[in-house]
Structures are given as C-alpha cells and as structure tokens.
Amino acid sequence: MTSDGTTQARTTCAVVGGGPAGLMLGLLLARAGVDVTVLEKHADFLRDFRGDTVHPSTLQALDDLGLIERFLALPHSRVEAIRLPDPSGGAPVPVVDFSRLRVPYPYIAMVPQWDLLDLLADAAGAEPGFTLLREHEVTDVVRAGDRVTGVRYRTPQGEGTLRADLVVACDGRWSVVRRAVGLPARQFPVPFDVWWFKVPTSRPVGGALMPRLTPGRALVTIPREGYLQMAYLGPKGTDAALRARGIEVFRTEVAELVPEVAEDVHRLASMDDVKHLDVRLERLRRWSAPGVLCLGDAAHAMSPVGGVGVNLAVQDAIAAARVLVAPLRSGAFRDAFPAHVVARVQARRRLPTAVIQGVQRAMHARAIGPVVAGADGGPPVRVLRLLRRVPALSALTARLVGVGPRPERVPVWGRRPPASTP
C-alpha cells in the first residue's frame, strides 16, 4: 500500500483489455513462462454485439493451442459462404466460398464472443504465470521520465498501480493507453454506421451470409442458432433520426429487406434492442511508444466489412508473442526499452492490416457508400457474371477474408495436444 492509499504490484507484462488480442497474448506469454497480468474493466465478458466471427485461421490457432475440441463443443453456427443476389433473377452468386479453402476448418464459426473469451481465459488460468484481474479499469499510465512503466487502475475496492516491464494496449478503438501516450492515427472516412440486432426465428436460414441491398438501405443477415444476427447499414450520423422513427417503422423496413422473417420481426421489442456502432477505420502510424505496444483495435480500428476484426487481433497477438517472449524472459525490457524489438511486431503486421483496410475502403467507396446514399442497390453485374462463370475465384476472396495475408501460426512452444471436452 502506498502513502496515498492505493495498492501497488508488479508484473513482467501488463496487458490492458481482456478481448481476443489481450487474452490470446496473455495465454501465449504465460505458456512461455512469462509473468503476465491482463486487466479487464468488466466483471465478465457478457457484452452483446461484439465480433462473434471466428475465422479459419483463428480456428487453426485454437487447434494449435489444444482448444479446438472444447471450442467446437460450444453452441455455434457456421457461415460457409457469402452470397449476393443476382439482379437478373438467377440464384444468389457465391462471392466468398469458404468451402473451397484447403484448410482444416473451411468456414467461419459464429460463437458469442464471451464464450471464446471464457475459453481463452480458462486455458490461460491453468498457467502459473498468468493473472486475470477483472473489474480493473485502467485510467492512466505510470511514467518514469518519458517511458511508461505501468498503469493506474480503478476497482470497486479502490485505486491501484501495476508496474510492468512492458504495457500492451489491447483495449480497443477507444484505448485509454493509446490516448495517454498520444500515438497519432491515420483516419479513413467511413460513410456509414451499423445498427446490430437479433431476430429470433425457428425457420431454416442456411449457412450463407446474404447482404440485402436497396437504395438508401442495406442489411446483412448472419445465420445463428435459433436467430438471425442482423446488421442494418445507414448513413453516418443518423442514429437519432433512425430512433425517432420508432420500432414499427424499423420492423417494416427489416421485413421488406428480409421477407423470410416478416412473421418473426415483431419479436424485436423496441429500439433499445438495436445497438448503434459508430464505424471507424483507422491505423496508428506508430504502434508503440517507450514502454508501450498497441495491438488489435487499439492499433487499427477495422470496419465490420468481412468481420475480420477478431481474426486480425488474434493474428497480432500471435505475432507479438513470437517476437516478445525471448526479450521479456531475458529481462531486456526491465531497465531499457528496446524499441527495435516492438518495431518488429508492427513491421510484421502492418502489411496484412493495410491490405485488409484497403479492401474495406474499396468496399465502402464503391458498394456500401453509394447504397446508403440512395444509389441503386444492385451488386456489380460484371463481377457477378465473372464469379458465376469462374466459381474458383470465390476461393481467392475466401482466402483473403477467412485466412488473410500473412497468417500467423502458434509457435511450437505455445502448442498443446487436444484436450477432451469437460
């Protein structure tokens, strides 16, 4: 206890944020024998409408970690393709076909993110060097000169300080740590926002993700177990206007876009069930500052296009663990900040991030932006015709979305044989 009544402790690596990047990094570092503490501001992981997509490369990582059997035992649905309606009236065209991938898990698994996080936290908790501090909200960083040497946090019991050789910010696009050290970000314009909601239904909805597009409106339906998860896309800055129209108007629009659930949409009780996401697309110019490294959304806020945010965060964590383990174990961060080490993480992950964001920006400018602005909602006919003539092209888009550029594999020292389902 310090003179001002706060508690103080020390760890080798303090990870701020118990999301996919934070828990994956914590698990891998702990398996390598590094003392690591993850600080999560909430008491649990039960948050609606976080990214629930687990891509093929993340499924491969879970397999490497020895967790795939436990993961697949969780209730989940699978997205095997993304199809677009054919404006000529033909069958929907697969533009992304994961079943064509030559990977062990050729699909996107749809699982509530809290189940994935609980799984990672349980696995990490079995490692002696791992600590998860729930209800620990990081409020600021601790400095010695110009270097960050820890974090300050708030709990229901009071305030405290955690000293660390390295602080890794995995606390999302509104990162407290990132703001505290003033890392500049390059922001890209986004013309739309997303409103997430669920429509319970017992009707068969298949295993494909199907966007529905009309001038001024777009809706993406994601098949889940017992319900459809839906993303309504509209012009940025219109949340107040959309809510002012009321739930009846909203239900009518949903039923018009997805007639299959017209009889179920009444189960959407009120606009309180519709969650607004302020879509951002940005990337830090530098992912690090003395004593700090940013990963996941803290380093690069992604658009929901492709649902790739979780996958990129996990890939960041695996790459970071590979680079950081030896220096952290040797004490290289204890008395100095080896900037060249953390720069290797950014160098490794910058290109995959930029490529995916480039694809998202193209989709924003050429497809989504014009639709929400009121232009014709039909998909690009030439592209659909090409994909219908050469279906194998949908495997290339599947690899970009489902695996991504430069996929990361869990290092040998982080792997475990498969564990039986509890």
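Quantities reported herein were computed from a predicted structural model and do not represent experimental measurements.

Criteria and cut-off values
Residues numbered from 1 in each chain as written. Predicted model: local features only at pLDDT ≥ 70, side-chain atom pairs only at ≥ 80, totals over all residues. Heavy atoms only, no water. Salt bridge = Lys/Arg side-chain N within 4 Å of Asp/Glu carboxyl O. Helix = DSSP H or I, 4+ residues; strand = E, 2+ residues; numbered from the N terminus. Buried < 20%, exposed > 50% of the residue type's maximum accessible area, 1.4 Å probe, protein only. Axes fitted to C-alpha atoms, helices over the stretch in contact; angles between N-to-C directions. Parallel < 35°, antiparallel > 145°, perpendicular 65-115°, else oblique. Left-handed = near helix turned anticlockwise from the far one by under 90°. Contact = heavy atoms within 4.5 Å. Nonpolar A, V, L, I, M, F, W, Y, C, P; charged D, E, K, R; others polar. Pairing = 2+ DSSP bridges. 1 Å grid on protein atoms, 1.4 Å probe; cavity = no way out; pocket = protein on both sides within 12 Å on 5 of 7 lines; lining within 4 Å. Points joined across faces, edges and corners; volume = space filled by probe spheres on them.

Before going further, it helps to spend a moment on the pattern of salt bridges. On inspection of all chains with the given rule, the structure shows 22 salt bridges. When the shortest N-O distance is used, the salt bridge between Asp 52 and Arg 224 registers 3.1 Å. In this pair, Asp 52 is assigned in the loop between strand 2 (36–39) and strand 3 (53–54) and Arg 224 in the loop between strand 15 (217–223) and strand 16 (227–235), connecting sequence segments 172 residues apart. Each member of the pair Asp 52 and Arg 224 is classed as buried. Measuring nitrogen to oxygen at the nearest pair gives 3.4 Å for the salt bridge that ties Arg 173 to Asp 297. With Arg 173 in the loop between strand 11 (158–169) and helix 5 (176–181) and Asp 297 in the loop between strand 20 (292–294) and helix 8 (309–330), this pair connects stretches of sequence that are 124 residues apart. Looking at Arg 173, the relative accessible area reads 14%, which means it is buried. Under the relative-accessibility criterion, Asp 297 is labelled partly exposed at 24%. Members of the salt-bridge network, linked through shared partners, are Arg 217, Arg 245, Glu 253 and Glu 256.

When two helices pack together, their arrangement is given by the angle between their axes and by how far apart the axes lie. Across the interface, helix 1 (residues 20–31) lies against helix 4 (residues 113–125) with an axial gap of 9 Å and an inter-helix angle of 20°. Overall, the two elements helix 1 and helix 4 adopt an arrangement that is roughly parallel. The handedness of the crossing between helix 1 and helix 4 is left-handed. Contacts between helix 1 and helix 4 involve Pro 20, Leu 23, Met 24 and Leu 27 from the first element and Gln 113, Leu 117, Leu 120, Ala 121, Ala 123 and Ala 124 from the second. A per-class count over the contact of helix 1 with helix 4 returns 9 nonpolar, 1 polar and no charged.

Pairing within the open sheet is antiparallel, and its 3 strands lie in the order 3-7-4. Among the strands making up the open sheet, the edge pair consists of strand 3 and strand 4 (77–79). Judged from the 3 bridges that link them, strand 4 and strand 7 (residues 108–110) form a sheet pairing that is antiparallel. Of the residues in strand 7, the one forming a bridge with Val 79 is Ile 108.

Counting across every chain of the model gives 1 cavity of 30 Å³ or more. The computed volume of the largest cavity comes to approximately 70 Å³. Together, 13 residues line the largest cavity, and Asn 311, Leu 312, Val 403, Gly 404 and Pro 405 are the ones closest to its centre. For the lining of the largest cavity, the elements supplying multiple residues, two or more each, are helix 8, helix 9 (339–372) and helix 11 (393–402). At 3 residues, helix 8 tops the list of elements feeding residues into the lining of the largest cavity. Considered class by class, the residues forming the lining of the largest cavity number 8 nonpolar, 3 polar and 2 charged.

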